[in-house]
Amino acid sequence: MKTEMSSVDIKYIVEELQSLVGARIDKVYHDGNILRVKLHKAGEGRKDLLIQAGKRVHLTTYIKESPSPSSFAMLLRKHLSGRFLDGIEQYDFDRIVKLKVGEYTLIAELFKRGNVVLIDGESKILGALRYEEFKDRAIKPGHEYKLPPARESPVDVEWERFKELLLEEEVEVVRALARKFNMGGFFAEEILLRAGIEKTRKTMELSEEELKLIFEKMKEVFSAPKKAQIVYKDGELFDVLPIELKQYENLEKKYFETFSEALDEYFGKITVDEAKKELTKRLEDKKRSLLHTLKRQEEMMKGFEAQAEKNQALGDLIYANFMLVERLLDEFKKAVEKLGWDEFKRRIEEGKKAGNKVAQMVRSTNPKDKAVTIELNGQKITLYLDRSIGENAELYYEKAKKAKHKLEGAKEAYKKTLKKVQEVEKLIEEELKKEINVKKLERRKKKWFEKFRWFISSEGFLVIGGKDATTNEMVVKKYMSENDWYCHADVYGAPHIVIKEGKKASEKTLFEACQFAVSMSKAWSRGVFSEDAYYADPSQVTKQAPSGEYLGKGAFMVYGKRNWMHGLPLKLAVGIVKYEDEELPMCGPVDAVKAHTNRYIVIRPGRLKKSELVKKLKHILEKWGYKVSEEDLMAILPPGNGDVEEIRE
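Reading the values: rules and limits
- Counting starts from 1 at the beginning of each chain's written sequence and moves along it residue by residue.
- Local features in this predicted model are restricted to residues whose pLDDT is 70 or higher, and side-chain atom pairs enter the listing and the counts only when it is 80 or higher, whereas totals over whole chains, interfaces and linings include all residues.
- Side-chain numbers come from the whole structure's heavy atoms, not from hydrogens or water.
- Think of it in three bands: residues with accessible area under 20% of the maximum for their type are buried, residues over 50% are exposed, and the middle band is partly exposed, with areas taken using a 1.4 Å probe on protein chains only.
- Helix and strand definitions follow DSSP, with helices as H or I runs of at least four residues and strands as E runs of at least two, each counted in order from the N terminus.
- Between any two strands, pairing holds if DSSP finds at least two bridges.
- Each patch is built from residues that are more than 30% exposed by relative accessible area and take part in no salt bridge. Like charges join if they lie within 9 Å; nonpolar side chains (Val, Leu, Ile, Met, Phe, Trp, Tyr) join within 5 Å.
- Per-residue accessibility takes into account occlusion by the displayed protein chains alone, with areas from the Shrake-Rupley method and a 1.4 Å probe.
- Here a salt bridge means any side-chain nitrogen of Lys or Arg lying within 4 Å of a carboxyl oxygen belonging to Asp or Glu.
- Working convention for charge: Lys and Arg count positive, Asp and Glu count negative, and His plus the chain ends are omitted.
- Charge coordinates come from a single atom per side chain, which is NZ of Lys, CZ of Arg, CG of Asp or CD of Glu.
- Helix span, as expected, comes to 1.5 Å for every residue beyond the first.
- Two residues form a contact once any of their heavy atoms are found within 4.5 Å.

Caption draft 1: Structural view of the pairing of strand E29 (residues 582–588). With five of its seven residues buried, E29 lies for the most part within the structure. As paired strands, strand E28 (residues 572–579) and E29 are joined by seven bridges and run antiparallel to one another. Each bridged residue has a counterpart across the sheet, and for Gly575 the counterpart in E29 is Met586. The turn joining E28 and E29, which pair antiparallel and follow one another in sequence, is formed by two residues; a positive phi near 50° is taken by Glu580.

Caption draft 2: Geometry of a positive patch on the surface. Taken together, the side chains of Arg282, Lys286, Lys416 and Lys420 present a region of like positive charge at the surface. Where the positive patch is concerned, the elements lending two or more residues are helix H7 (259–320) and helix H11 (389–433). Its location among the elements puts Lys420 in helix H11. You can call Lys420 partly exposed: its relative accessible area is 46%.

Caption draft 3: Representation of helix H5 (residues 184–195) within the structure. The first and last C-alpha atoms of H5 sit 17 Å apart over 12 residues, in line with the 16 Å expected at 1.5 Å per residue. Listing the buried residues of H5 in full gives Phe187, Ala188, Glu190, Ile191, Leu192 and Ala195. In this structure, the buried side of H5 is in contact with helix H1 (7–16), helix H4 (173–180), helix H6 (208–222) and strand E14 (236–241). At the C-terminal side of H5, Gly196 shows a positive phi close to 70°.

Caption draft 4: Fine view of the environment of Leu510. The topology assignment puts Leu510 in helix H13 (residues 507–519). With a relative accessible area of 6%, Leu510 lands in the buried category. A sequence separation of 60 residues divides Leu510 from Leu570, and the C-alpha atoms of the two residues are 15 Å apart. In this structure, Leu510 is in contact with Trp485, Ile499, Tyr535 and Met565, ignoring residues within four places of it in sequence.

Dropping the structure here:
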């Protein structure tokens, strides 16, 4: 099973990641040996670039909740946040990826243990995921970053150079290809399989024609059209590749539009499985400890049970042989009083030799406890000479009683431990069912209007508005037509609003669009509760400024009569609406949202930070069964703080 990307994989992913060039870096997150760079690309939205030292680099939708930012994460944020990605490249067909961000370069080493290093324009190390020192280089702040020696690239090598390198030494051709061209044994085998040449053949044995064929097949492999795929073997994940390979032609495959998607699903599945294992490891350790305790308790119960049975039997044995035991007690007591313990013991030994039956019953004596141990019916019984036969029997019954009491206690403890084991097993089962802290961002293809502020009016008309100078310009110049209505709030920096096909709408939609205009303006962040807005014909809106004035990007002049609406409330609703057969999160005037869904949340300007309001809305929507990302909610809300005024279910 593949655990890391090859040089070939990196070649293809770097080609694909050129689409990120020009994206703005928002934040960098760090957890263990993984970095996640959150980017924003104009017109495309959020992108998350994952770098796992020594393993992989690709876009991801599996987002692990990050711990508090590490010192390395803070260093990267300080130097990179707010800057733009100027370039991304692979170093000399090696497992090294360089991300250029202004005067800085973030270097991802994907070989061996791997590392991620930030250097400045003079190749001085500013920080790294891990500081270490080798024979020929040091990864330490202030040191010059040294790249490993360049190796020949199978993509760029010419025929004569290829032949020269391959024939430098007499080794197996598969080893020569893998080493000389930094491609690894797997792709070397693929090339030889396509060429029909046995991989164990020595390089010096190959003819000019065979060498030429290997060269051609190598170029064929490394210029193959991208066909991103996950390969399965016996129903399990086995490999992830950017191209089709002959070695896997009979195995099951799943194809993807991009190599990032394939890598993300492949490694994401591994990440989720590992996260689940980590999640349950503590519980599994606890279960093992409890099972060990259970085993000890089982052994203790067996011991107590045996003690109880044995002592009960000895007490019963005394009474079963009452006359004999009573006589022995009497004789032993008189003999000890008359002779003393030493002489008594000597006489017993002499009696054994002489064949005396009573003496042969004695196994030991204990002067300290005034006791004699005898063997009766194969059982050893200790008789205390200063106690009666009943008291001696009672001693064994008492021991049996104590053992039984301990047995009951042990049984109760066993039951409790067994219950704990069952509880832990249930917790493990529940944890495995839970959505762990690795979540997959479901990225749907957004509608064209979602890059703007938008809502669907209660009469079904699409209303769009600008978010910034660029989108304001687009709304008016690209998307407004003569059949629309133009709306604008009497607030500096308010968005330009367009009602598509608005000439067919009634005053209800016009009212909603004007209310939307004031609610999506800076008036919301100022915390006011009403403002004025107007609507006008598209022909009245122009880029032509009055004489001597200049209109900047996103600014327009409105000439002629304006149709004013006064005292419009700053009040919106959020809900999930169905539009063009797709469920979308929508923020718009209350009546507009209400017309398209029975469940919605009314919001007003307030004290909650926008990020906190987003979390609150997300929680409510999730209770209703909707999965909406915080990013999507953030995009549709007005600028500034707010509060939930009402929840309609």
